[in-house]
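Commentary on secondary and tertiary structure
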Amino acid sequence: MTKLKSYATLLGATALTLTGAASVSAADLEFYFPVGVNAPAVETIQALTDEWAAANPQHTVKAVYAGNYEETTTKALTAANAGQPPQVAVLLSIDLFTLIEEDVILPISDIANSEEDKEWISGFYPAFMSDAQFEGKTYAIPFQRSTPVYYYNKDAFREAGLDPEAPPKTWDEMIEVGKALTVKDDNGNVTRWGTRIPTLGLGGAWLFGGLVVSKGDVLTTETGIEARMDTPATLASLEFLLRLAEEEVMAPGGITWGDTPKAFLEGQTASMWTSTGNLAFIEENAEFDWGVGFLPGGDGPGAPIGGGNFYVFQDTTEEEREAALDFIKFMTSPESAAKWSIATGYVAPRPDTWETPEMKAYAERLPQALVALDQLAYAEREFATFQRAKVTQYLVDAIESVVTGNAEPAEALAKAQEGADKILSEYK
Amino acid sequence: MNNRLSIRLAVIMLVIPCSLLVAFTHYPAIQALINSFWNNSSSRRPSRFSGIENYQALMEDDRLAQILINSTIYALGTIPLAIGLSIGMALLVNSRLPGTTLMRLSFFMPTMLPMIAVANIWLFFYAPGIGLASQILEVFGMPSINFLGRTDTALASMMFVAVWKEAGLFMIFYLAALQSVPTNLKDAAKLEGASALRVFWDVVMPLLRPTTIFVAVNALINAFRLVDHVIVMTEGGPNNSSALLLYYIYEVTFRQRDFAYGATLTVLMVCLLGLLAIVQYWVLNRKAHYQ
C-alpha cells in the first residue's frame, strides 16, 4: 500500500514537473513571410528559422511562405479574423495603418519594455523606423528593407560610347543616355530599350513615389490621413514617364514589375529601376558587366523606402510574445541580417550589421550593395494611409490610365485625389 | 409502421445534405444581403446601419461600370468561341484521321492543369520582348506587342487563356454526344443527297443541342467563376481593362478589407447570375430535343 502510494506520488510529481517545465516558456510560433523579389528568400528564411529553433529547443517555429506582400497581408488578416493569427509575420511596412485599424497587432514597444530592449530598438536606422512608429509607439521592427536603385548594363554603355562609371543622375540625363542606348533592328523594331521602369500595380506606384520625392514632395505623411496625389511633383513625374515613351527610351504602355529583372538579364533593356532586393539575383545571372546607381532624379536624388517589417499579433499568449520577440531579435541580429542581405541584396536594418566581417567582405566584393544604403539619405517613406489598399488603387489607376494613353495626367491625378479624399475624410 | 419508418428515414437522410446546402449556399447569400445594408466596422469607426448607401455607391462606381462591360465582353467572347472550338476539336478527334489519340491527349491537357499554373505559363508567353509570343512575332518581322500592358489587348489575352483552358473539357462532352448520334440518321441524310455540311448542321447539331445547353451553362459559369488568371497575370489589367466581377469582389473584400461593399457586390453578382440562368434555361430549353 505504501509502496503503491509512493510510486503514485513519484509519478504524479514527475508529471507535474514535466507539464510545469513545458508550460513555463514553450511556444509554438507560426511565422508568415512574403517574397517580393527574385531571390533564394525561402531557403534563407528557412535556414535562419531552423538556426533559431535549434538554439531554442523549447519552442517550435513554423515558417510559412505566403506569396507576395499583398497575398501575405491578406492571408494574415484573414487568419486573424478567423481567430487563428500567426504569432509573428513579415508584412509591408505600409500596412501599419490597416493592421492598427483592424486591431490585430501589438506595439512591439509594449513587449520590449526593458532598458536593453529600448536600446535595441534605438539601434535601427531611423529611416526604417520612421514608418514603424505611430502615435508614439513602435509597432514593428524593420527586417527586409530596401530602396529601388538604377541597375545598368556597363557593356551596353561602352557599346553606346558612354562612360560606364557615370550612370545618369537627372531625368534629362536619363533621356539623353537612354536615347543612345536604344537599339533598333532593320525593321525599325526596338530590340533593346534604354531603360525600363515598372509602371503597373503596386510596384509601379512604389517607383512613382520615388519620382515624386526627387521633385521635392511626398505622396503621404506620417499621420496616415493625407494623400498628396495632385501636386506639381506628381504631374511632373507622370510627364517624365510619358516623355520616356515618346522619346523611345522606354517601351510604351504598362510595364510589369515581375519580369523586369529577366528583361534586363536578357538584354531587352539596357537599364532598369527595381528594388535592391534583386541584387543577388542579378549578380548570379548577369552575363555582362553591370553597375548600380542612384535613381535619376528630377531636381535631385530621391527614392522611396520599401520592404517589410516584423509584426507581432495581438491574439497571442505571454510566452508566445516573449518567444516572438526573441525570434525577431535573432532575425535582425547582425549575423542573421548579414546572411539575409548577402543572399538577397536587401539593406541591413541596423548599422552594426555592416561591422560584421561577412558584410565587410561583401561590401568589398560587391560595392553595388552599398548604393541602396547611401540612397537612404534621400529617401522618404512609401505611400501609406488608412485603407491603404483602396487609396493606393486610385493612384495605381491614375498612373496606369496615363501610361496606357487613356487619360491626361492632370485629369487623372485630380480624379485620384478626389477619390482618396473621399475615403480619408472619414478619418479626419 | 413501414410508412412512418420510411418518412423518418427520408428526413434523416435529407438533413445532412440540406444543412450543407443551407450552410454553404443559402446562409452566406442571405448574410451577404444583410451585410450590404451595414457599414464597415473597425477599431476607429464603429459599424452603422447605412441602408441603401452601399447600393448608391454601387451605382456611382465608375470602376464597376467598366468591370460590368468587361464581364459582358468576356462572356460573349469566350462562350461561343469555346463552344465552336470544342465542337471542331470533337469532330476532328472523332474522325478517322491518324493520331487522334495524341490529339485527344493534347486537347485535354490544358484542362488537367490548375489555372494558376496555366496563368504563369501564359504570363511568360505574353511577356513583351522575352516571351514566346513576341519571339514568334519577331520571326514574322512584326514588333512585339505588350499584350498585358495595353488596355486594348489585356482583356482579349485573358479570354484567350480561358478558352484554351476550357475547350478541352467541352470537347470530351461533345465527343461522347457525337458518338451517340445514330448513324442511320446520317446515312439517311446522305442518301437524300445532303452535303457533309448540311448533314452536320441539320442532323447532327440539333441532336447535340442538350450537350450544347450543358456546355453553354458550364461556359457561362466559368466566365464568371474563373478569375485566377486575372489575379495572377494582370491584377485587373492596366487601368481596370481586364478586371472581372469576381476579381473585383475579391479585391474589394480581401485586399481592401471593405466587407460591406464586397457584400453589396456579391448580392449584385448573385442576382445577375440568377437572371442569366433563368434566361438560358428558358430560351434554350424550348428548342432542345431530348432522346
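In this text the structure is predicted, and so the values were computed from the model without any measurement. As a convention, each chain's residues are numbered from 1 in the sequence order in which they are written. All chains are assigned letters beginning with A, and all ligands numbers beginning with 1, in the order in which they are written. Only residues with pLDDT of 70 or above have their local features reported here, since the model is predicted, and side-chain atom pairs are shown and tallied only from 80 upward, although totals for entire chains, interfaces and linings are computed over all residues.

**Some thoughts on the overall build of chain B**
Assigned secondary structure in chain B consists of 13 helices and zero strands. Counting helices and strands in the order they occur from the N terminus, chain B gives α-α-α-α-α-α-α-α-α-α-α-α-α. A globule of 291 residues ought to have a C-alpha radius of gyration of about 19 Å, yet chain B, at 24 Å, is considerably larger. Projected onto its principal axes, the C-alpha positions of chain B cover 80 × 75 × 30 Å. We call a residue exposed when 12 or fewer other C-beta atoms sit within 10 Å of its C-beta, buried when the count reaches 20 or more, and partly exposed for counts in between; the C-beta positions come from the backbone. The burial tally for chain B puts 32% of its 291 residues in the buried class. What counts as a contact here is a pair of residues whose C-beta atoms, placed from the backbone, lie within 7 Å. Nonlocal contacts in chain B, meaning residues at least 24 apart in sequence, comprise 68% of its contacts between residues at least 6 apart. Going along the chain from the N terminus, every DSSP run of H or I of four or more residues is numbered as a helix, and every run of E of two or more is numbered as a strand. Both definitions apply: the radius of gyration is a C-alpha atom measure, and the globule rule equals 2.2 Å times residues to the power 0.38.

**A closer look at the pairing of strand 11 (residues 271-275) of chain A**
All names here are of chain A. A large share of strand 11 lies buried, amounting to five of its five residues. Strand pairing is assigned whenever DSSP identifies at least 2 bridges connecting the two strands. One ladder, built from five bridges, connects strand 8 (residues 148-153) with strand 11; its direction is antiparallel. Of the residues in strand 11, the one forming a bridge with Pro148 is Ser275.

**Things to note about the pairing of strand 3 (residues 88-92) of chain A**
Residue and element names in this part refer to chain A. Where burial is concerned, most of strand 3 is hidden: five out of the five residues are buried. By the bridge criterion, two bridges tie strand 1 (residues 28-33) to strand 3 in an arrangement that is parallel. Within strand 3, the position partnered with Tyr32 by the bridge is Ala89. With five bridges joining them, strand 3 and strand 14 (residues 306-313) adopt antiparallel strand pairing. Considered in strand 14, the bridge of Leu92 is made with Gly308.

**Quick look at the interface of chain B and chain A**
Opposite the 24 residues of chain B that make contact, chain A presents 32 residues. Under the scheme applied here, ten amino acids are nonpolar (Ala, Val, Leu, Ile, Met, Phe, Trp, Tyr, Cys and Pro), four are charged (Asp, Glu, Lys and Arg), and all others, including Gly, are polar. Looking at the side of chain B that touches chain A residue by residue, the class counts come to seven nonpolar, ten polar and seven charged.

**Considering the packing of helix 3 (residues 62-94) of chain B against helix 10 (residues 209-225) of chain B**
Residue and element names in this part refer to chain B. Only the contacting stretch of a helix is used when fitting its axis, a line to C-alpha atoms as for every element, and angles between N-to-C directions run 0 to 180 degrees. Where helix 3 meets helix 10, the closest approach of the two axes is 9 Å, and the angle between their N-to-C directions is 140°. Classified by the angle between their axes, helix 3 and helix 10 sit oblique to one another. In this structure, helix 3 crosses over helix 10, and the sense of that crossing is right-handed. Taken together, the residues of helix 10 that come into contact with helix 3 (itself represented by Tyr74, Ala75, Thr78, Ile79, Ala82, Ile83 and Ser86) are Thr212, Val215, Ala216, Ala219, Leu220 and Ala223. Relative orientations are named as follows: roughly parallel for angles under 35 degrees, roughly antiparallel for angles over 145 degrees, roughly perpendicular for angles from 65 to 115 degrees, and oblique for any other angle. Helix crossings fall into two classes, left-handed where the near helix is turned counterclockwise from the far one by less than a right angle and right-handed where it is turned clockwise.

**Regarding the nonpolar core**
Side chains that are nonpolar tend, in soluble globular proteins, to be buried together. Membership of the largest hydrophobic core comes to 126 residues, with the highest contact counts inside it found for Val88, Ala89, Leu96, Tyr311, Leu395 and Ala398 of chain A. When residues of this core are assigned to domains, at least three map to each of domain 1 (26-146 + 306-355) and domain 2 (148-304 + 381-427) of chain A. Discounting chain neighbours no more than four positions away, the residues touching Leu96 of chain A are Asp131, Ala132, Phe134, Tyr139, Ala140 and Ala384 of chain A. Leu64, Met89, Ala162 and Val215 of chain B belong to the second-largest nonpolar core, a separate cluster that totals 52 residues. The nonpolar core criterion groups buried Ala, Val, Leu, Ile, Met, Phe, Trp, Tyr and Cys residues into a set whenever they are joined through C-beta atoms within 7 Å. In this entry, domain limits derive from an automatic or database-based domain assignment.

**Things to note about helix 3 (residues 69-81) of chain A**
Between its first and last C-alpha, helix 3 of chain A extends 18 Å over 13 residues, near the 18 Å set by a 1.5 Å rise per residue. Every buried residue of helix 3 of chain A is listed here: Tyr69, Glu70, Thr72, Thr73, Ala76, Leu77, Ala79 and Ala80 of chain A. Residues of helix 3 of chain A that are buried make contact with strand 1, strand 3, helix 10 (201-214) and strand 14 of chain A together with helix 12 (245-255) of chain B. Phi turns positive one or two residues past the end of helix 3 of chain A, at Gly83 of chain A, with a value near 90°. For a helix, the expected span equals 1.5 Å multiplied by the residue count minus one.

**Focus on the sheet that holds strand 11 of chain A**
All names here are of chain A. Pairing in this open sheet of three strands is antiparallel, and the strands run 11-8-12 from one edge to the other. The open sheet is flanked by strand 11 and strand 12 (290-293), the only strands paired with a single partner. Adjacent strand axes in the sheet meet at a mean angle of 30°, parallel and antiparallel pairs treated alike. With four bridges joining them, strand 8 and strand 12 adopt antiparallel strand pairing. The partner of Tyr150 across the bridge, within strand 12, is Gly293.

**Some remarks on the domain arrangement of chain A**
Residue and element names in this part refer to chain A. As assigned here, chain A comprises domain 1 (26-146 + 306-355) and domain 2 (148-304 + 381-427). Using C-alpha coordinates to define each centre, domain 1 is positioned 28 Å away from domain 2. Contact with domain 1, which involves 22 residues of that partner, is made by 19 residues of domain 2. In terms of residues, the side of domain 1 that touches domain 2 owes the most to one element, helix 4 (residues 96-101), which gives four residues. Class assignment of the residues belonging to the side of domain 1 that touches domain 2 gives a composition of eight nonpolar, ten polar and four charged.

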